[in-house]
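# Secondary and tertiary structure notes
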Amino acid sequence: MRRRLALAVAVVLALLMGAAAPAVAQDAAGAGSPTATSAPTLTVLGQGTALATPDTADVSASVTRTSARAAAAREDVARRTGDLLRALAALGVPRTDVTTGSVTLTRSRHKRPLRTRYTATVSLAVHLTDASLAGPVLDALVAARADDVAGPSFGFSDPSAGRAEAERAAIADARARADSAAAALGLRVVGVRSVNLDPGSSGGPLDAAAAAGAPAREDATPTPVQAGRQPVYAAVSVVFVLG
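Below or above, wherever it landed, is the structure these notes cover. What you are looking at is a predicted structure, and each value in this text was computed from that prediction instead of being measured.

Okay, the overall build of the protein chain next. Scanning the protein chain for helices and strands turns up four helices and seven strands. The secondary structure elements of the protein chain, listed N-terminal to C-terminal, are α-β-β-α-β-β-α-β-α-β-β. Within the protein chain, the fraction of its 243 residues that count as buried is 32%. Sequence-distant contacts in the protein chain: of pairs separated by 6 or more residues, those separated by 24 or more amount to 83%. Of the roughly 15100 Å² that the protein chain leaves accessible, carbon and sulfur atoms contribute 57%.

Dropping the structure here:
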């Protein structure tokens, strides 16, 4: 009876030791792995720039008239606003791309001499899907007797224009900075833990502006407007694994 009990205890102990051995070996292997969560990491912010050619432009114009009668002031700006719209239509700008920014009529009183004046103003915002029309549109608005003309502000029909190239440059910048920092610490980059393409500041095309010229004549020199190339900025945050 005692011999059978001793044999049974020996068998149970052998089974327990055999089950524990692989777990211990697995823990030891995990502790030495460079991808373990305990591996040191380095967070780096990379920045990149690319150049892209704008394909849209925005301009604005306004007409103003001051008169002793409110109706006269309003009538004048209404007529000249119609002239601006016809000038834009002649260049192929659809009405759907022209927005009335504001319509105002204000009254002012003057004591010496005693008089009342009314000032009417209408402003227009014009979006051009063809950036090459910016110069001709500015000239046409001035020729149509706009009192104030501003622009162009260039942009992109595709909001992501140039962004992929800028992000590749930003990632390359992050890796170069990580390699340099790791070397200074006596380590090296062995992997990537995470990548954040929007670390808090979104890059985008910059705006450019050009002023309108003097009132146009039939033989006047057209206003030269160049869209050029706009810088597009991108920033990425990369967490590198060091080993």
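Back to the text.
Bringing the sheet that holds strand 2 (residues 56-67) into the picture now. Read across the open sheet, the four strands follow the order 3-4-2-5; overall the sheet is antiparallel. Across the chains shown, the open sheet's two edge strands, defined by having one partner strand only, are strand 3 (98-110) and strand 5 (148-155). Neighbour to neighbour, the strand axes of the sheet diverge by 15° on average, direction disregarded. As defined by bridge partners, strand 2 adjoins strand 5 across six bridges and the pair is classed as antiparallel. The residue of strand 5 that forms the bridge with Ser62 is Asp148. Where helix 2 (residues 70-90) meets the sheet, it contacts strand 2, strand 3 and strand 4 (115-128), and its direction lies at approximately 155° from that of strand 2.

With respect to the helices and strands, the residue Ser67 is situated in strand 2. In this structure the side chain of Ser67 is engaged in a polar contact, spanning 3.2 Å, whose partner is the backbone nitrogen of Arg69. Residues in contact with Ser67, not counting those within four places in the same chain, are Ala72, Ala73, Arg117 and Tyr118.

Ranked by internal contacts, the top residues of the largest apolar core, which has 29 residues, are Leu84 and Leu141. Of all the secondary structure elements, the ones that give two or more residues to this core are strand 2, helix 2, strand 4, helix 3 (134-143) and strand 5. Non-local contacts of Leu141, meaning those with residues more than four positions away in its chain, are made with Val59, Ala61, Leu84, Leu88, Ala146 and Val149. Core analysis: the next-biggest nonpolar cluster, separate from the first, contains eleven residues, Val44, Ala170, Val189 and Val236 among them.

Okay, the side chain of Arg80 next. Following the sequence through the fold, Arg80 ends up in helix 2. A polar contact is formed between the side chain of Arg80 and the backbone oxygen of Arg145, at a distance of 3.0 Å.

Attention now goes to the pattern of salt bridges. Counted by the stated rule, this structure contains eight salt bridges. With a closest N to O distance of 3.0 Å, Asp76 and Arg79 form a salt bridge. Of this pair, Asp76 and Arg79 are both found in helix 2, three residues apart, which corresponds to roughly one turn of the helix. Two residues, Arg80 and Asp76, come together in a salt bridge whose shortest N-O distance is 3.0 Å. Remark: Asp76 and Arg80 occur in helix 2; sequence separation between them is four residues, near one turn of the helix. Taken together, the shared-partner salt bridges in this structure form one network comprising Arg65, Asp76, Arg79, Arg80 and Asp147.

Together, Ile171, Val192, Val195 and Leu197 make up a nonpolar patch on the protein surface, roughly 330 Å² of accessible area in all. Counting through the fold element by element, Ile171 comes out in helix 4 (residues 163-184).

Attention now moves to the sheet that holds strand 1 (residues 41-52). With respect to topology, three strands assemble into an open sheet ordered 1-7-6, the strand pairing being antiparallel. Both edges of this open sheet fall to strand 1 and strand 6 (189-196), since each of them pairs with a single strand only. Strand-to-strand twist across the sheet, computed as the mean angle between neighbouring axes with direction ignored, equals 35°. Where strand 1 lies against strand 7 (residues 230-242), twelve bridges are found, and the strand directions are antiparallel. Looking at the pairing, Thr49 lines up with Tyr233 of strand 7. Taken strand by strand, helix 4 contacts strand 1, strand 6 and strand 7, and its axis lies near 145° from that of strand 1.

The rules behind each value
Residues numbered from 1 in each chain as written. Predicted model: local features only at pLDDT ≥ 70, side-chain atom pairs only at ≥ 80, totals over all residues. Heavy atoms only, no water. Helix = DSSP H or I, 4+ residues; strand = E, 2+ residues; numbered from the N terminus. Buried < 20%, exposed > 50% of the residue type's maximum accessible area, 1.4 Å probe, protein only. Contact = heavy atoms within 4.5 Å. Areas by Shrake-Rupley, 256 points an atom, 1.4 Å probe, with all protein chains shown as cover. Pairing = 2+ DSSP bridges. Axes fitted to C-alpha atoms, helices over the stretch in contact; angles between N-to-C directions. Polar contact = N/O pair within 3.5 Å; in protein donor to acceptor, adjacent residues only side chain to side chain. Core = buried A, V, L, I, M, F, W, Y, C linked by side-chain atoms within 4.5 Å. Salt bridge = Lys/Arg side-chain N within 4 Å of Asp/Glu carboxyl O. Patch = residues over 30% accessible without salt bridge, like charges linked within 9 Å, V, L, I, M, F, W, Y side chains within 5 Å.

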